Amino acid sequence: MELYLDTANIAEVERLARIYPLAGVTTNPSIIAAGKTPLWEVLPRLQQAIGANGTLFAQVMSRDAEGMVSEAKRLHHALPGIVVKIPVTGEGLAAIKQLKKQGIVTLGTAVYSAAQGLLAALAGAKYVAPYVNRVDAQGGDGVRMVQELQTLLSLHAPESKVLAASFKTPRQALDCLLAGCEAITLPVDVAKQMLNTPAVESAVEKFEQDWQGAFGCLSL
């Protein structure tokens, strides 16, 4: 299972990478824009923060296949090992097919249906990113869509992985993992929610009180 952070906040990546078993970091144009640091400055710093074994994802901006392929090549040559995110449109599928032939690893993003995700995988995307919470917000069932996509990939495109994205709660992420997802990417706030349960702090404080009362110290 691969766990990613969905952020371009370098300080948060550096802090959480020490704690969480991270496989890397995913970004998108909105995330990069929110940080107001130019792409070609922030990506190398993120790559350094996640270390040599981490995987970094960045997205193209062009809307046509030719432009997507050109931008993907630029990312690939500037940042070896990067996975290029391609929106799963008609032009995006054409770009994914070309990039597969050129040995550039891609992720099919902005996936709102299992059929759309399957097409991305069949075109050659290594990862497919269904938008769980965004599907829910449109009145759909994001987790069920992920379940369907996971089954389809297992049957028809086993070389591709679901990398579920767009979460508002840890429960959504856990449900996707229970559905068999091999990878998820979490916003920083949701990643923190998975660990920061108030009851845990209360339990630790009780341990300390009992130990202090018995032995007069807080060490072994």
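Residues numbered from 1 in each chain as written. Predicted model: local features only at pLDDT ≥ 70, side-chain atom pairs only at ≥ 80, totals over all residues. Heavy atoms only, no water.

Peer 1: Would you take a moment to explain the UniProt feature "active site" (unreviewed entry) in the chain for this structure?
Peer 2: In this numbering, the UniProt entry assigns the feature "active site" (unreviewed entry) to Lys85. Examined against the element boundaries, Lys85 turns out to sit in strand S4 (residues 83–87). Judged by its relative accessible area of 6%, Lys85 is buried. Sequence-distant contacts of Lys85, that is, excluding residues within four places in its chain, are made with Thr27, Asn28, Phe57, Ala58, Gln59, Val60, Leu107 and Thr109. Here Thr27 takes part through its backbone oxygen, which lies 2.8 Å from a polar atom of the side chain of Lys85. (UniProt positions renumbered as here; feature names shortened; annotations may be inferred. Helix = DSSP H or I, 4+ residues; strand = E, 2+ residues; numbered from the N terminus. Buried < 20%, exposed > 50% of the residue type's maximum accessible area, 1.4 Å probe, protein only. Contact = heavy atoms within 4.5 Å. Polar contact = N/O pair within 3.5 Å; in protein donor to acceptor, adjacent residues only side chain to side chain.)

Peer 1: Would you mind showing me how to read the pattern of salt bridges here?
Peer 2: Working definition: two side chains of opposite charge can pair if their charged atoms are close together. All chains considered together, the criterion is met by 7 salt bridges. Between Arg171 and Asp175 there is a salt bridge, with the nearest N and O atoms lying 3.1 Å from each other. Of this pair, Arg171 and Asp175 both sit in helix H9 (residues 170–178), 4 residues apart, which is roughly one turn of that helix. Take Arg171: its relative accessible area is 46%, and that puts it in the partly exposed class. A single salt-bridge network, built from bridges that share partners, covers Glu12, Arg15 and Lys192. (Salt bridge = Lys/Arg side-chain N within 4 Å of Asp/Glu carboxyl O.)

Peer 1: Sorry, what's going on with the packing of helix H5 (residues 90–101) against helix H6 (residues 114–123) here?
Peer 2: A packed helix pair is summarised by two numbers, namely the angle formed by the two axes and the spacing between the axes. Running from N to C, H5 and H6 point in directions that differ by 25°, and their axes come no closer than 8 Å. By the angle class used here, H5 and H6 are roughly parallel. Crossing geometry of H5 relative to H6 is assigned as right-handed. Of the residues in H6, those in contact with Leu93, Ile96, Lys97 and Lys100 of H5 are Leu119, Ala120 and Ala123. (Axes fitted to C-alpha atoms, helices over the stretch in contact; angles between N-to-C directions. Parallel < 35°, antiparallel > 145°, perpendicular 65-115°, else oblique. Left-handed = near helix turned anticlockwise from the far one by under 90°.)

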